Amino acid sequence: MSATCAEQSDTSPDMISLATLPYDLLLNIARHLELRDIHALQLTCKALHGFATTRPVYRNLATALLKRCRALPLHGFQRLSDLTDEQLVEAVNQATRLETAWLTRGPRPSTSSPYLNSGEGSTAENRGWYKVIRAPPNEEVDWLSPITSSYSLCATKSGKVVCWDVHRDECLAEWDPKERWELWKCRVEFDIRTVFFTMAKVLQRSFDDRVMEFVLMKLEFPEKGEPMFSELATFKTIGIVMNVFLLDPSSCLLSAFVWVASSNTIGLYALLDWRKAEYVFIDTGIECSMSSNWSCILYKEQIVIHSEESDIAHQYFYPISVLRQHTRASSSASSFVPSISQRLGPVTTMSAPFIFPPQTRSSSPETIPDEEEAEPQPNGELAEGEAPNADGAGGDAEDDGSGTVADANPFPYPPWYPESAHFVRQWWPTLASVPRLSCTVVLLADHEPETHRTRYVLAQHYFKVPLIEPDELEQMPAAAAKAVEAAQANGSAVSLTNGASPSGSASSSEVGSWPENATPEQPRKPSSFESSMMRLWYVSEPFEVVCVLDGMDDELDPDGGQERPRPLMAVDFGHAVWIEFAFPPEMDREDKRLRFVTFPPVTNDRDAMSYGGTSTADSLEGIVRTLDVPDELDLDAVETINIDQSQGAIIISVRDGKIFILCYE
């Protein structure tokens, strides 16, 4: 606006200007603006500056960030409702700056992170853009995770769990079972200032009938006083436990996946109320494939098993009301072992294919340097314009004469197999209006028998429950849409593959039976329906991630003290960080570097998923950056790595008992 709002209203009393619009109408317009537009609006005149700095405007901006699955940089156990207007404005500004910077130029050292604040009497050592704190004395770190920007939770190889004050660099609370336990799962509940986690140990070492004991713990952070550990429940499992899920602490709901060796299927173990001495243990009949990755989610009083194969994802729905019919009594007796009650198929099954990027004759570079970088990096990064190696791409794609080929899986199984899969839920404080989404980052590996070296790529996508929403029914074949509507209305058993019912209509079965079509079918190319959440992004230039060997003592390893490689990689929603070898094996150099990728935020518009003009959605290729590391940080000595995207921090523990908190912006 060239003139002030006051001048416009004085000289044109009958003309409606932007500044004279009713507040509700202005707020509706502001919902369609981004932060830079709001900042421009603030510069126009006093009236619009006053409007553009109100809490509802910034609450809308915060909601937009959360819908893109970008966390706000809150302090401690703050909730959005706890923020003052000034704090909300600052949080939105900081989160937007971080998102924009990481998408366009990559992270750079920061001196303004909350992690760098030090409490009175702190022994933590600030080095400008990073902080060094102590690990628990005389302990080796087995697992480390930030719990807000003020605390961290650390599990040691002796079995202890320690809550550490990041700012004062001191232990606040410790749980010591006096024996070797492993931390399996951790969940933060911000509203009640509590962390829930499970610890596990092996009681019986038989492979098929391995008996494990779990203890469910909580760590409470009262408004006043020090945090406190307490035990909530103990339970046992039989078989190979694949994972444990703290589905809903408010309703005391927990589940676990157990490999049923005799049938090579997934067993579902659940505590529907961990305060009660009862459990549910069923054989789902769902085949356990080596190429599959598994997660478990609570959705509208249903336990949902989420499975991802090389080309397709499945979701299997088990209403809690159905599972409750199969509860059995448990016991604290040392001789007690749970048992499977029966085979019980899912009430509803949904499937959706992955959407693979178009394959072009000339690949786009995997690494794009920062704007200021004009020269190749000495640590082995690709120079600008240098094409990555395309080895490992799928061989079934056909050229259509347009410069692209069919959207086939570029990294099919075999030879590419999932080395590790990371399923991330929105763990940060959010709003009721924000949809609950998940993110999957899979580290795919291809082992070369002759050289005994393994190369890796990354695949990432977002997903939701259910895979198919009612508003997507318009895009689906009529029979499939009818089947989904029926399943969502009454829970009848439905099997959908690629948006179409296998038989062209809904198929139902009696609760408790195992329908023949409930087992996942072989994936087929989609006909007309594609789920917007199923687009795969890649880091497709193969790299060699650094792995550390975790020793396993006799009590935890039935095979007798073997070592298992653990990739030094961590993920947060839409982000991944890892340590890799900087040079290919043939160069015989062991230099390492810290690598980072941020993927475009969640959106239903494929064309909108881009890196600020530096990369388009057509390539669906993640841009990898090399992060600065302090000279005193020896990447050869790293034991654990973690990432906190809300604060722009990478947390690394090393063997000499130090924890480095690297802060970026």
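Source: prediction; values computed, not measured.

**What about the overall build of the chain?**
Step number 1: Helices and strands together make up the secondary structure of the chain, namely eight helices and 34 strands.
Step number 2: Buried residues in the chain amount to 54% of all 665 residues.
Step number 3: In the chain, the share of contacts with a sequence separation of at least 24, taken over all contacts with a separation of at least 6, comes to 60%.
Step number 4: Accessible surface, the chain: about 28900 Å² in total, of which carbon and sulfur atoms supply 48%.

**Focus: the packing of helix H5 (residues 55–67) against helix H6 (residues 85–104)**
Step number 1: The geometry of H5 relative to H6 is characterised by a closest axis approach of 10 Å and an angle of 35 degrees between their N-to-C directions. When you trace H5 past H6, the crossing you get is left-handed. Here H5 contributes Arg55, Tyr58, Arg59, Leu61, Ala62 and Leu65 to the contact with H6, which in turn contributes Asp85, Leu88, Val89, Val92, Asn93, Ala95, Thr96 and Glu99.
Step number 2: Residues that form the contact of H5 with H6 fall into these classes: eight nonpolar, two polar and four charged.

**A closer look at unusual backbone geometry**
Step number 1: Residue tyrosine 413 is joined to proline 414 through a cis peptide bond whose omega torsion reads -20 degrees.
Step number 2: Looking at the secondary structure, you find proline 414 in the loop between strand E21 (404–405) and strand E22 (417–425).
Step number 3: Here proline 414 and proline 415 are connected by a cis peptide whose omega angle stands at 10 degrees.
Step number 4: Tracing the backbone through its elements, the reader meets proline 415 in the loop between E21 and E22.
Step number 5: Positive phi values are uncommon outside glycine, yet lysine 300 reaches one of about 50 degrees.

**Examining the sheet that holds strand E6 (residues 170–175)**
Step number 1: Here we have four strands laid out as an open sheet, ordered E3-E4-E5-E6, and antiparallel in their pairing. Of all the strands in the sheet, the pair left with one neighbour each is strand E3 (141–147) and E6. Within this sheet the neighbouring strands show an average axis-to-axis angle of 20 degrees, counted without direction.
Step number 2: Of the strand pairs in this sheet, strand E4 (residues 151–156) and strand E5 (residues 161–165) are connected by five bridges, and their pairing is antiparallel. Within the sheet, the bridge partner assigned to cysteine 154 lies in E5 and is valine 162.

**Observations concerning the pattern of salt bridges**
Think of it this way: side chains of opposite charge can pair up when their charged atoms draw near.
Step number 1: Applying the stated criterion across every chain, the model contains 25 salt bridges.
Step number 2: Glutamate 99 is the partner of arginine 68 in a salt bridge, and the nearest nitrogen-oxygen pair spans 2.8 Å. Taken as a pair, arginine 68 in the loop between H5 and H6 and glutamate 99 in helix H6 lie far apart in primary sequence, 31 residues in all.
Step number 3: Assessed through its relative accessible area of 11%, glutamate 99 is described here as buried.
Step number 4: When the shortest N-O distance is used, the salt bridge between arginine 275 and aspartate 273 registers 2.9 Å.
Step number 5: Looking at aspartate 273, the relative accessible area reads 11%, which means it is buried.
Step number 6: Salt bridges here are not isolated pairs; linked through shared partners, they connect Arg68, Arg70 and Glu99.

**A closer look at H5**
Step number 1: Over its 13 residues, H5 extends 18 Å from the first C-alpha to the last, a length consistent with the 18 Å expected when each residue adds 1.5 Å.
Step number 2: Taken residue by residue, H5 has Val57, Tyr58, Leu61, Ala62, Thr63, Leu65 and Leu66 as its buried positions.
Step number 3: Summarising the contacts, the buried residues of H5 are in contact with helix H2 (23–30), helix H3 (35–42), helix H4 (46–52) and H6.
Step number 4: With its phi angle positive at about 65 degrees, cysteine 69 sits one or two positions after the end of H5.

**Quick notes on H6**
Step number 1: For H6, spanning 20 residues, the distance from its first C-alpha to its last is 29 Å, which sits close to the expected 28 Å at 1.5 Å a residue.
Step number 2: Of the residues making up H6, those classed as buried are Leu88, Ala91, Val92, Asn93, Ala95, Thr96, Leu98, Glu99, Ala101, Trp102 and Leu103.
Step number 3: Phi for glycine 106, located one or two positions after H6, is positive at around 90 degrees.

**Details of the packing of H3 against H5**
Step number 1: The N-to-C vectors of H3 and H5 enclose an angle of 160 degrees; their axes lie 11 Å apart at closest approach. Our classification of the angle between H3 and H5 gives roughly antiparallel. Pair H3 / H5 crosses with left-handed handedness. Side by side, H3 and H5 meet where Leu35, Ile38, His39 and Gln42 of the first sit next to Val57, Tyr58 and Leu61 of the second.

**Overview of the sheet that holds E22**
Strand pairs in the sheet, formed through backbone hydrogen bonds, run parallel or antiparallel to each other.
Step number 1: Strand order in the open sheet formed by four strands is E22-E23-E24-E25, and the pairing between neighbours is antiparallel. With one partner strand each, in any of the chains shown, E22 and strand E25 (537–543) form the two edges of the open sheet. Sheet twist, expressed as the mean angle between neighbouring strand axes with direction ignored, is 15 degrees.
Step number 2: Both strand E23 (residues 438–448) and strand E24 (residues 453–463) contribute to a ladder of 11 bridges, which runs antiparallel. The residue of E24 that forms the bridge with serine 438 is phenylalanine 463.

**Examining the side chain of threonine 454**
Step number 1: One can find threonine 454 in strand E24.
Step number 2: Relative accessible area serves as the criterion here: at 15%, threonine 454 is assigned to the buried category.

**Comments concerning a nonpolar patch on the surface**
Step number 1: Taken together, the side chains of Leu18, Leu25 and Ile29 make up a nonpolar region of the molecular surface, amounting to roughly 210 Å² of accessible area.
Step number 2: By secondary structure assignment, the location of isoleucine 29 is in helix H2.
Step number 3: A relative accessible area of 34% places isoleucine 29 in the partly exposed class.

**Concerning the nonpolar core**
Step number 1: Counting residues in hydrophobic clusters, the biggest one holds 53 residues, and the most contacted among them are Leu458, Phe573 and Trp578.
Step number 2: Ranked by residues supplied to this core, first place goes to H5 with six residues.
Step number 3: In contact with phenylalanine 573, other than residues within four places in its own chain, are Cys69, Arg70, Val424, Arg425, Gln426, Trp428, Leu437, Ser438, Cys439, Tyr462, Val602 and Gln645.
Step number 4: Counting 28 residues, the second largest nonpolar core, distinct from the first, contains Trp129, Val132, Phe581 and Leu594.

**Overview of the confidence of the model for the chain**
Step number 1: With 75% of its residues at a pLDDT of 70 or more, the chain shows a mean pLDDT of 80.
Step number 2: For the chain, E21 is the element with the lowest average pLDDT, namely 41, and strand E18 (residues 327–329) is the one with the highest, namely 98.
Step number 3: Confidence drops under pLDDT 50 across residues 360–406; counting only partners more than four residues distant or on other chains, this segment forms 83 contacts.
Step number 4: In this model, residues 490–529 is a region of pLDDT below 50 whose contacts with residues beyond four sequence positions or in other chains number 94 contacts.

The rules behind these values
Residues numbered from 1 in each chain as written. Predicted model: local features only at pLDDT ≥ 70, side-chain atom pairs only at ≥ 80, totals over all residues. Heavy atoms only, no water. Helix = DSSP H or I, 4+ residues; strand = E, 2+ residues; numbered from the N terminus. Buried < 20%, exposed > 50% of the residue type's maximum accessible area, 1.4 Å probe, protein only. Contact = heavy atoms within 4.5 Å. Areas by Shrake-Rupley, 256 points an atom, 1.4 Å probe, with all protein chains shown as cover. Axes fitted to C-alpha atoms, helices over the stretch in contact; angles between N-to-C directions. Left-handed = near helix turned anticlockwise from the far one by under 90°. Nonpolar A, V, L, I, M, F, W, Y, C, P; charged D, E, K, R; others polar. Pairing = 2+ DSSP bridges. Salt bridge = Lys/Arg side-chain N within 4 Å of Asp/Glu carboxyl O. Expected span 1.5 Å × (residues − 1). Parallel < 35°, antiparallel > 145°, perpendicular 65-115°, else oblique. Patch = residues over 30% accessible without salt bridge, like charges linked within 9 Å, V, L, I, M, F, W, Y side chains within 5 Å. Core = buried A, V, L, I, M, F, W, Y, C linked by side-chain atoms within 4.5 Å. pLDDT = per-residue confidence, 0-100.

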